[in-house]
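# Overview (structure and organization)
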Protein chains: 2
Amino acid sequence: MANIRDVAKKAGVSVATVSRVVNKNGYVKKSTLEKVNKAISELNYSPNAIAVSLNNKKTKTLGLILPDITNPFFPELAKAVEEVANQNGYTMILCNSNGLLEKEMEHIEMLERKYADGIILASDSYTEERLKGTDLPMVLLDRGVNPNHSSITANNFSGAVMATKHLLKQGCKKIAHIAGPKNVLTAVDRLKGYQSVVRDSNWYDGDLIIHANYNTKEAITATKKLLEMDSSIDGIFASNDLIAIGCLKAIRSIGWKVPDDIAVIGFDGISLTDLIIPQLSTIKQPVYEMGEAATKLLINEIEVGKKESLFKEFDVTLIHRESTDKRGEINE
Amino acid sequence: MANIRDVAKKAGVSVATVSRVVNKNGYVKKSTLEKVNKAISELNYSPNAIAVSLNNKKTKTLGLILPDITNPFFPELAKAVEEVANQNGYTMILCNSNGLLEKEMEHIEMLERKYADGIILASDSYTEERLKGTDLPMVLLDRGVNPNHSSITANNFSGAVMATKHLLKQGCKKIAHIAGPKNVLTAVDRLKGYQSVVRDSNWYDGDLIIHANYNTKEAITATKKLLEMDSSIDGIFASNDLIAIGCLKAIRSIGWKVPDDIAVIGFDGISLTDLIIPQLSTIKQPVYEMGEAATKLLINEIEVGKKESLFKEFDVTLIHRESTDKRGEINE
DNA sequence: AGAAAACATGTAACCGGTTACAGAAAAGGA
DNA sequence: TCCTTTTCTGTAACCGGTTACATGTTTTCT
């Protein structure tokens, strides 16, 4: 591949002039410009991005670190990040941390060595102290307010409130909550939202809360355990959609009917919820918008610098579908 | 961040010596090595990957271009690629082409400029001629044999045969096929597999084949059309799982029962098939293994060079679940 | 002991760009 | 016309590494 010296030679000018033409800065006589452009197109020259990066310490590369792209919540996020990045001339490196702090740190170090310009970190496990070594621009997803980094979140608390109230409105008399892991911020907020609604009900009992990881398998066991313990439960608010799907499977396996015997609502709004039967009610996060906002925020920090950490919280919306439709409000 | 000259100065040696220590090549006296290592750890030095790349023209970066990470088939592939890449010290750039040739070419050019070491291309739309400008190592997914590039495929034809025969064995008397787009290779192979089994049946008719894109929405319309046209159809082989899910929804909306009135089988084996109700029978591709193989092949081509193009075809497996279980073979 | 081989380290060119600086040419102003 | 300003272009240092080559020091072997 042709380099800048080849072009300079062919055009009969110096490399500096070629550089000026390519970057459209400095003075260049019209006739020279034409000569250079001719040489450029004849040699099919385009500047070596590595060499450029070595100079300006910018690679036009963003890192996206997430627990697991295989978790259906993340592909849409990744897509948003990639698209916005591309629109701004950036490229996206995808890293799976499997939720491991170690992996996260490895990835961050790698991205630093490779001179990534910034990082979007969607992490369960991150603790602030571990990050302080890094001075790369970084935007956090789902991490809550934080003095050093901007962050993007959905309103998990109010979403949980909506979900729980929705179950009540549908006529549920005893609502259980399958919560996510105790150390995950979003799970904690959703749990708090649930509690804030039901705490003062006469049927409320701490045993109605059971913890599970954000996946289907564990949710099945948890649900069975829950319903064995108390068969008067007629509503479940699951901390995310994958858990909710686990509920649905467990419920079906013991022969109960959804939503008549028991209503189920999830959280996240992954597309799967629309594909399963019965269709799952859920609290939808504007995932794409969140990824978009995170990326724009990051790019802005990279390009114009950061004044202060921003904390942006997105509203969630209730999607009412079959799995909670005890009152037949949905007409297909 | 400290650079090699800082380390050299601190250790009282030349940069060449530091480089030798870092890369463990050439001769270095034990005492010198210790001095240098001390300086390295004190300064927390790690070599600038950009500068290294500028020298050896290798970035330890792979590009993965795929139509849409949002399509549930791809996250697992992406994960495999990322994991294998990481294990070998590579990093993965993810690119969505949205199935557009233009976008694909843009991404390839960008990856070239950024000195990616190789590309894994999972493409529907690619045509050989467009690619000939590139001399980057490249492995193709789902593209069939090809003189210039190695490729990884699943055995789509034999999978389609398995699916169709499975429906027959379950007692289906008239099997329709919802095929994927005509210009997509995998879709064509699957169609051929279907035809090879049913061609000579007395009930066979070209109208039993209908085309749809690889998504749920179109599949719903297609299914309804199909069943309106011929209500004696009692089995559908869908060209992929997303289409199959569309079938399920359409069938349900007209009040038929799966699998009693009609059996449905998909293709791909995405995890969704296990989560929906009824659980979907499908032909499972070993997606992770395919991504793994593609990445290993690519890295091998990058590091040891390529002798010839390899064409590796993976076997698929039938997963028999509720959606085709007309004979009650499955005991839960 | 002397020569050859192995070990140890530094100098400087190079990868492919950008850019500060300097000098020359053209344009503008008095 | 002469001086100042603006335009134009080239030289060379620099970004942060790697490595060929030269040179010097030890070891090893006869």
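The structure presented is a predicted model; accordingly, all values stated were derived computationally and were not measured. All residue numbers here refer to positions counted from 1 along the written sequence of the relevant chain. As they are written, the chains are lettered A onward and the ligands numbered 1 onward, keeping that order. In keeping with the predicted nature of the model, local features appear solely for residues at pLDDT of at least 70, side-chain atom pairs appear and are counted solely at 80 or more, and the whole-chain, interface and lining totals rest on all residues. Only hydrogens and water are set aside when side-chain values are computed; all heavy atoms of the structure are taken into account.

## Quick notes on the sheet that holds strand β10 (residues 281-284) of chain B
All names here are of chain B. Stated formally: Strands are labelled as partners when DSSP assigns at least two bridges between them. Here a helix means four or more residues in a row that DSSP labels H or I, a strand means two or more in a row labelled E, and each is numbered from the N terminus. Only the stretch in contact is used when fitting a helix axis, every axis being a line fitted to C-alpha atoms; angles between N-to-C directions are given from 0 to 180 degrees.
Strand order in the open sheet formed by six strands is β7-β6-β8-β9-β10-β12, with mixed pairing between adjacent strands. The open sheet terminates on both sides in strands that have one partner only, identified here as β7 (209-211) and β12 (317-319). Each adjacent strand pair in this sheet contributes to an overall mean axis angle of 20 degrees, direction not counted. Note: strand β8 (residues 235-238) against strand β9 (residues 263-268), three bridges, orientation parallel.

## Quick notes on the pattern of salt bridges
Filter applied, for reference: For salt bridges, the criterion is a side-chain nitrogen of Lys or Arg within 4 Å of an Asp or Glu carboxyl oxygen. Only protein chains enter the calculation, and the probe is 1.4 Å; a residue is then buried if its accessible area is under 20% of its type maximum, exposed if over 50%, and partly exposed in between.
With the rule as written, the count across this model stands at 22 salt bridges over all chains. Of the charged contacts, one joins lysine 79 of chain B and aspartate 68 of chain A as a salt bridge, the two residues approaching to 3.3 Å between their closest N and O atoms. Note that lysine 79 of chain B is positioned in helix α5 (residues 74-87) and aspartate 68 of chain A in the loop between β1 (61-66) and α5 (74-87), a pairing that runs across two chains. The exposure class of lysine 79 of chain B is buried, given its relative accessible area of 13%. Close ionic contact of lysine 296 of chain B with glutamate 292 of chain B constitutes a salt bridge, the shortest N to O distance being 3.6 Å. Linking lysine 296 of chain B with glutamate 292 of chain B, this pair stays in helix α13 (residues 287-304), spanning four residues, or about one helical turn. For glutamate 292 of chain B, a relative accessible area of 23% corresponds to the partly exposed category. Beyond isolated ion pairs, a larger network of salt bridges with shared partners links Lys10, Lys38 and Glu42 of chain A.

## Overview of the state of the cysteines
All names here are of chain B. Spelled out, the test is: Two cysteine sulfurs form a disulfide in these notes if their separation is within 2.5 Å.
In the structure shown here, the tally under the stated rule is zero disulfides over all chains. Take cysteine 172: it sits in no disulfide, and the sulfur closest to it among the cysteines is that of cysteine 247, at 13 Å. For cysteine 172, a relative accessible area of 4% corresponds to the buried category.

## Section: the protein's contact with DNA strand C
Just so we agree on the cut-off: Neighbouring residues are identified by heavy atoms, a residue being near a molecule or strand if any of them is within 4 Å of it. Distance and chemistry together define a polar contact, namely a pair of N or O atoms within 3.5 Å, with one atom able to donate a hydrogen and the other to accept it when in protein, and with adjacent residues in sequence counting only for side-chain atoms on both sides. When residues are sorted by character, Ala, Val, Leu, Ile, Met, Phe, Trp, Tyr, Cys and Pro go into the nonpolar class, Asp, Glu, Lys and Arg into the charged class, and all the rest, Gly among them, into the polar class.
Around DNA strand C, 27 residues are found, and the nearest of them are Arg5 and Ser19 of chain A together with Arg20, Tyr27 and Thr32 of chain B. For DNA strand C, the backbone makes up 59% of the atoms found within 4 Å of the protein, where backbone means sugar plus phosphate. The contact in question runs from a phosphate oxygen of DNA strand C to an N or O atom on the backbone of isoleucine 4 of chain A, over 2.6 Å. Take asparagine 55 of chain B: an N or O atom from its side chain is 3.4 Å from a base oxygen of DNA strand C. Elements supplying a minimum of two residues to the surface near DNA strand C: α1 (4-11), α2 (15-23) and α4 (49-56) of chain A together with α2 (15-23) and α4 (49-56) of chain B. Residue classes in the surface near DNA strand C are distributed as 12 nonpolar, 10 polar and five charged.

## A few points about the UniProt feature "domain: HTH lacI-type" (unreviewed entry) in chain A
Which entries qualify depends on this criterion: UniProt positions are given in the numbering used here, feature names are shortened, and annotations may be inferred rather than shown by experiment.
Mapped onto this structure's residue numbering, the UniProt feature "domain: HTH lacI-type" (unreviewed entry) falls at residues 2-56 of chain A. In the segment residues 2-56 of chain A, helix accounts for 71% and strand for 0%; the C-alpha atoms at its two ends are 21 Å apart.

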